[in-house]
Structure formats: C-alpha cells, structure tokens
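Letter by letter, the chains look like this.
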Amino acid sequence: MATPDRQATTLALAHALSAAERGLAVIPLSRTKLPALRSPHRDDPAPTLCRGECGSFGHGVYDASTDPHRIRELFAAAPWATGYGIACGLHPHHLIGVDLDTKSGTDSSAALRELALRHLFTIPETVVVLTPSGGRHLWLTGPPDVVVPNSASRLAPGIDIRGAGGYLVGPGSRTDHGVYGTAPGTAHLAPAPCPPPLLRLLLPPPRAHHPTALASTTQHGQGLVQFVLAAHEGQRNTRLFWAACRAYENGIGPDLADALVDAAVRTGLTAREARSTIASAARMTRQRP
C-alpha cells in the first residue's frame, strides 16, 4: 500500500495534469508551498540569471509546463511533492491571482469590497480556491500585452497579488496546514477577466526611463530576486541583505522591495523579517559616502 505521502504525490500529479489540460502551466510544490525542486545555482557565489537555459530542473515558475510528459518528469524528480503551483501571467490565460489572506488580522475580503465600491467595479464570478487558513484565491485573467507584478499588501492590507513570475497553489494540493480546494460552485468556471479599474490598480505607476537603462535595471532586478530565491536554510537572510544592498546602491531598492520580500517569504522567512532586513540594507547604503 502506498504511504500517505506517496498518495499525496500521486493525487497532486493527477490534479496538476488536469490543470494542464485547461492550459495552466504547473510545477510540483513541497508541503511548505515552495517549489519542490531546489535551484541548481543555489551555491553559486554570485547571482545567476537562469530561467532553465542550463537544462536542469529547479528554476521555480520557469520550470512550469502544460506538457504532460514534462510534468511527469518534474514530479518524478521530486517524489516528495504533495502539491502543485500554477504559474501566473502565462499564455493563454495570463492568470492573475488575488490572494485574500486571513493571517494579517485584517478583513481582506471587506477591503476588496471597499476598493470595488471606491473604484466602481464588481468582482466577477470566477474560480475561487479556499486555503487551509481560511483565505481565498480569486483567479482572474489579464490582457496578453499587460504584465501584472507580484505584490504583498500593496493594494490593501491582507491582499497579495500573484502576477508574472509568481504562482498560485493549485486546488487539491496538500500542505503542512491542510488541503487547498475549489470553493463550491466555482470549479466549473473559467477564470474571469480582471475588471479594468482593478487592473489599473494592480499596475505600477508609469515611470520615465531611458529604454536602455530600463532594460538593464529590469534585468539586474530579476537577477537579484533569483539570487534570493536560490537561498536555502542558513543563507536566506544573508542573501536577502546582500541583494537589497545592491538594489539600493543601484537606485532600484524601493521598486524591488516587494519582489525581494516575496522571494524571501518563498524561501522561508516571514514578511516581517524580510522587510526588516531590507530596511537595514536601505539604512546602510544611505550611510555610505
């Protein structure tokens, strides 16, 4: 008889393959909700901006696929996986996840309703995933030419956004805290289009940059985020501090802070620890002549 973990892995793979049939790219997750496969570049002394070009697994959402053969390979390489992540921002759905958290002590659902009233939009009927902690994930779709960034409590306290480069824990996944499941009456729905007023709130304000400088800054920021994501226990805070210092030295610290926090949380730090470390890096870099 299969062990409980083996059963969980088999179920997770089945759910992941079902999601892939709907055009959703997936990766295996561990019980901690982190990608089950560790980065092959985690011990590199300097940031490595690799999105899987090296040919190895372990690049987070860049491993995500809708190909059944590749998905089976990913799960075979991670037999401890008990869940799966759904990559956001990819064709054909360009998924946007609205994570209504309950752990912050705030009523994130009420905050979203208040935003809807203030900005004159309604929350459409869409796929809703219930989390073990009592939160909800709303699945929305975005335009193919719009990149929605990840953010944590920027829209309102307790509301996190999963966009390009992020992922949502798929329904049927088993974690240390319980099982994710689709809310009754929503499993048959397709992700609904994001209301335009809400989409505008999710996008960063336009900034005037020289195109070449912007491309260089964006690439450097992605490298720093990947450097943090590659951290394992014993390196997490150190890597985050180093990346934050480089970001502030290069003038992109405020813009990259949310992405660095999000990356640090995925490695196991709390959001409070991550923001404290980033604040320390900001103070240190300001003190330098």
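First things first, this report covers the structure right here in the doc. Residue numbering note: each chain is counted from 1, following its sequence as written. Only residues with pLDDT of at least 70 get local features here, since the model is predicted, and only at 80 or more are side-chain atom pairs given and counted; chain-wide, interface and lining totals rely on the full set of residues. With hydrogens and water stripped out, all remaining heavy atoms of the structure feed into the side-chain values.

1. Quick look at the environment of Ser30
Strands here are runs of E lasting at least two residues and helices are runs of H or I lasting at least four, both read from the DSSP assignment and numbered beginning at the N terminus. With respect to the helices and strands, the residue Ser30 is situated in the loop between β1 (26-29) and α2 (68-77). Exposure is judged per residue with a 1.4 Å probe applied to protein chains only, and the accessible area is read against the type maximum: over 50% gives exposed, under 20% gives buried, and values in between give partly exposed. The exposure class assigned to Ser30 is buried, which follows from its relative accessible area of 15%. For Ser30 and Tyr84, which are 54 residues apart along the polypeptide, the C-alpha to C-alpha distance reads 8.0 Å. Those residues in contact with Ser30 that lie beyond four places of it in its chain are Pro35, Ala36 and Thr82. What qualifies as a polar contact is a pair of N or O atoms within 3.5 Å, subject to a donor-acceptor requirement within protein and to the restriction that residues adjacent in sequence count only when both atoms come from side chains. There is a polar contact of 2.7 Å between the side chain of Ser30 and the side chain of Thr32. What makes two residues a contact is simply this: any of their non-hydrogen atoms within 4.5 Å.

2. Focus on the pattern of salt bridges
Any Lys or Arg side-chain nitrogen located within 4 Å of an Asp or Glu carboxyl oxygen qualifies as a salt bridge. Counting across every chain of the model gives six salt bridges. The salt bridge partner of Asp258 is Arg275, with a shortest N-O separation of 3.5 Å. Placement of Asp258 in helix α7 (residues 253-267) and of Arg275 in helix α8 (residues 271-287) is noted, with a sequence separation of 17 residues between them. In this structure Asp258 comes out as partly exposed when scored by relative accessible area, which is 21%. Two residues, Asp262 and Arg266, come together in a salt bridge whose shortest N-O distance is 2.7 Å. Residue Asp262 and its partner Arg266 are located together in helix α7, separated by four residues, close to a single helical turn. Relative accessible area serves as the criterion here: at 14%, Arg266 is assigned to the buried category. One network of salt bridges, with partners in common, ties together Arg162, Asp262 and Arg266.

3. A short note on the packing of aromatic side chains
Centre distance and the angle of the planes are the two values used to describe a pair of aromatic rings. Only centres within 6.5 Å qualify two rings of Phe, Tyr or Trp (six-membered ring in Trp) as a pair; their planes then separate them into stacked at under 30 degrees, edge-to-face at over 60, and tilted for everything else. Counting across every chain of the model gives one aromatic pair. With a centroid separation of 4.9 Å and an interplanar angle of 55°, the aromatic rings of Phe227 and Trp242 are classed as tilted. Within this pair, whereas Phe227 is found in helix α5 (residues 211-229), its partner Trp242 is found in helix α6 (residues 236-249), the two being separated by 15 residues in sequence. Each ring is checked for a lysine NZ or an arginine CZ that lies within 6 Å of its centre and within 35 degrees of its normal; such an atom marks a charge sitting over the ring. Positioned above the aromatic ring of Trp242 is the side chain of Arg246, whose terminal nitrogen or guanidinium carbon lies 5.0 Å from the ring centre.

4. A closer look at α7
Taking 1.5 Å of rise per residue, the 15 residues of α7 would be expected to cover 21 Å, and the 20 Å separating its terminal C-alpha atoms lies within 8% of that figure. What is called the bend at a residue is the angle between a pair of axes, fitted to the seven residues leading up to and ending at it and to the seven starting from it. Along its length, α7 shows its largest kink, about 25°, at Ala259. Residues Gly253, Leu256, Ala257, Leu260, Val261, Asp262, Ala263, Ala264, Arg266 and Thr267 constitute the buried set of α7. Expected span of a helix: the number of residues minus one, times 1.5 Å.

5. Observations concerning the pairing of β1
Looking along a regular strand, one sees side chains alternate from face to face of the sheet. Alternating positions in β1 separate into two faces, Val26 and Pro28 on one and Ile27 and Leu29 on the other, with burial throughout. By the convention used here, strands pair only if DSSP detects at least 2 bridges between them. Across four bridges, the pairing between β1 and strand β2 (residues 83-87) is antiparallel. Within the sheet, the bridge partner assigned to Ile27 lies in β2 and is Gly85.

6. Here's the deal with the pairing of β2
Judged by how many residues are buried, β2 sits mostly within the fold: five of five residues are covered. The pairing of β2 with strand β8 (residues 167-169) spans three bridges and is antiparallel. Each bridged residue has a counterpart across the sheet, and for Gly85 the counterpart in β8 is Val169.

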